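Spelled out, the chains give:
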Amino acid sequence: MGITYDAVQNAFVGYCYGDSTSGQRALYNLGLTGIPIVNVNNNCSTGSAALYQANNSVKFGQVECSLALGFERMKPGSLGTNFPDRDPPTKLFNVRSAEIEQEGLGENHGPGAPRMFGNGAQEYFAKYGGNIVHLAKIASKNHKHSLNNPYSQFRDGWSVEDVLNATKITNQLTKFMCSPTSDGAACCIVASEDFVHKHGLENQAIEIVAQALTTDSPVTFEGRSAMDVVGYSMSKACADKVFEDAGFAPGEGREQVGVVELHDCFAANELITYPALGLCAVDEAHKFVDRGDNTYGGKYVVNPSGGLEAKGHPLGATGIGMHFYIMRAGPMQAPGLFDISDKRGKYGLTHNVGLGGAVVVSLLRRPEFYKPGGVDGRTRCYLYRNIYTPNTHRLSVASRLGYNHAHECRPITLQDVDKVKSVHSSKYVLEHARL
């Protein structure tokens with residue numbers, strides 16, 4: 001069961017390192033069907049921002065089937081501007097973080113992004129406790145999780161000692177606490193529930209219970225918080241809105257989450273994101289780490305994929321990839337998600353943040369109509385909207401590749417493309433495709 005590109009009615013394509021209309025060039029390999037294709041750039045939250053647009057396109061009835069694609073081919077080294085003849089839009093974030101250093105946080109060093117996130121961790125340490133060892137524990141946990149992910153860029157399983165002994169990047173961060181430069185791609189399809197029923201995909205679905213995108217508030221600059229400069233308050237507002245939209249009272253709902261993919265561009269950000277998402281109290285994040293509540297046997301499994309630090313961080317693909325790991329790899333890499341009385345199982349939670357800024361949070365769950373014994377959807381992903389509950393959407397999966405691509409990494413072939421391409425595809429374009 002499945003669909004071809006002919007069923008897609010519009011598309012949103014996210015990337016940061018690429019010229020305009022790169023989205024068209026990528027999707028033209030599947031066909032030239034005349035659909036609207038919109039290119040999206042929101043820094044590290046680009047992929048989820050594209051998915052957010054596709055989700056809303058279906059949610060508000062514009063189309064029945066939308067596609068969100070994210071990809072990146074990055075330059076070596078730390079993140080920097082592509083336009084050196086002008087100030088980058090993130091300049092004020094760097095300036096404000098540096099000012100906070102001088103206002104009492106203490107001088108830091110290193111490239112802009114790790115320095116800012118390192119400052120966020122330093123503020124947390126000063127206010128609530130904890131130290132660099134907690135960041136090393138987070139990084140080591142993620143690198144050990146990556147051993148289960150065939151797509152992970154690093155599968156070394158580094159220990160806490162390995163992480164601490166790696167090259168220092170900032171006062172707080174070593175190299176193994178940082179996400180690497182990465183290339184990669186990910187894709188999801190969003191569709192209405194009617195569409196899913198029409199195509200017989202009912203038992204291969206995961207529901208987007210709620211999703212939100214938020215941007216910065218004045219506290220980012222007017223406050224004196226390095227944590228807020230890198231998105232703490234923005235992430236908290238987004239998570240609170242998602243759980244409210246899902247029908248939970250303030251502060252509730254987190255106990256029903258089983259697996260989380262959050263934005264650990266640096267171990268420092270994972271530390272401060274635990275309380276931002278409501279997984280623990282704001283002064284409990286380091287204790288949360290010490291208790292092992294972020295891994296197997298603890299309260300949640302956080303970043304079973306290995307997180308950005310291990311699996312990689314191709315900016316345009318990261319957010320969409322998070323949804324893949326929750327819906328596909330999550331049940332396999334985080335056992336116990338369905339060991340509760342509710343047949344829908346526990347929730348999956350994703351968090352994707354980009355400085356500049358934007359954050360997207362999604363709450364995912366198996367739908368009510370899932371039937372045990374049906375196809376469990378371990379070979380391809382689709383998202384769809386529940387028209388009977390207008391604010392919910394669902395992910396569905398169709399068996400087509402012939403292998404479990406959550407546990408086995410194979411390159412895409414022209415034979416794979418032939419299975420999904422449009423009847424309006426171009427032989428000329430495909431001859432120039434790079435697979």
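Residues numbered from 1 in each chain as written. Predicted model: local features only at pLDDT ≥ 70, side-chain atom pairs only at ≥ 80, totals over all residues. Heavy atoms only, no water.

**Section: the confidence of the model for the chain**
Here comes step 1: Here the chain averages 90 in pLDDT, and 90% of its residues register 70 or above.
Here comes step 2: Below a pLDDT of 50 lies the segment residues 376-392, which in the model reaches 92 contacts outside its immediate sequence neighbourhood of four places, other chains included.
Here comes step 3: Below pLDDT 50 for its whole length, residues 394-399 participates in 53 contacts with residues either more than four positions away or in separate chains. (pLDDT = per-residue confidence, 0-100. Contact = heavy atoms within 4.5 Å.)

**Thoughts on helix 5 (residues 132-145)**
Here comes step 1: Its 14 residues place the ends of helix 5 20 Å apart at the C-alpha level, agreeing with the 20 Å of an ideal helix rising 1.5 Å per residue.
Here comes step 2: Taken across its 14 residues, helix 5 has 10 buried, putting it largely inside the fold.
Here comes step 3: Looking at the buried residues of helix 5, the elements they touch are helix 4 (112-128), helix 6 (160-165), helix 11 (267-276), helix 12 (285-290), strand 7 (301-302) and helix 13 (307-311).
Here comes step 4: The N-capping residue of helix 5, defined by a side-chain oxygen 2.9 Å from the backbone nitrogen of Val133, is Asn131. (Helix = DSSP H or I, 4+ residues; strand = E, 2+ residues; numbered from the N terminus. Expected span 1.5 Å × (residues − 1). Buried < 20%, exposed > 50% of the residue type's maximum accessible area, 1.4 Å probe, protein only. Polar contact = N/O pair within 3.5 Å; in protein donor to acceptor, adjacent residues only side chain to side chain.)

**Re the pattern of salt bridges**
Here comes step 1: Tallied over the entire structure, the rule returns 17 salt bridges.
Here comes step 2: Where Arg115 meets Glu101, a salt bridge forms, and the shortest distance between an N and an O atom there is 2.7 Å. Of this pair, Arg115 sits in helix 4 while Glu101 sits in helix 3 (residues 91-105), and the two are 14 residues apart along the sequence.
Here comes step 3: For Asp342, the salt bridge goes to Arg365, with nearest N and O atoms at 3.2 Å. Within this pair, whereas Asp342 is found in the loop between helix 14 (315-333) and strand 8 (347-354), its partner Arg365 is found in strand 9 (residues 358-365), the two being separated by 23 residues in sequence.
Here comes step 4: Exposure remark for Arg365: the relative accessible area of 5% places this residue in the buried category. (Salt bridge = Lys/Arg side-chain N within 4 Å of Asp/Glu carboxyl O.)

**Here we look at the nonpolar core**
Here comes step 1: Judged by nonpolar contacts, the single largest core of 61 residues is most densely connected at Tyr274, Leu349 and Leu363.
Here comes step 2: In this structure, Leu349 is in contact with Phe243, Val257, Val259, Val260, Glu261, Leu277, Leu279, Ile326, Val361, Ser362 and Leu363, ignoring residues within four places of it in sequence.
Here comes step 3: Ranked by size, the runner-up nonpolar core spans 17 residues in total, among them Ile3, Ala11, Val13 and Leu69. (Core = buried A, V, L, I, M, F, W, Y, C linked by side-chain atoms within 4.5 Å.)

**With respect to the side chain of Ser426**
Here comes step 1: Relative to the helices and strands, Ser426 is located in the loop between helix 15 (414-420) and helix 16 (427-431).
Here comes step 2: A polar contact of 3.3 Å, which involves the side chain of Ser426, links it to the backbone nitrogen of Tyr428.
Here comes step 3: A distance of 3.1 Å separates the side chain of Ser426 from the backbone nitrogen of Val429, its partner in a polar contact.

**Considerations on the state of the cysteines**
Here comes step 1: A full pass over the atoms with the stated rule returns 0 disulfides.
Here comes step 2: Of all cysteine sulfurs in the structure, the one in Cys265 sits closest to Cys44, which takes part in no disulfide; the separation is 6.2 Å.
Here comes step 3: Residue class for Cys44 comes out buried when judged on its relative accessible area of 12%.
Here comes step 4: Summary of cysteine pairing: Cys178 is not part of a disulfide, and the nearest cysteine sulfur, belonging to Cys265, is at 9.0 Å.
Here comes step 5: Using a relative accessible area of 12% as the deciding quantity, one classes Cys178 as buried. (Disulfide = S-S within 2.5 Å.)

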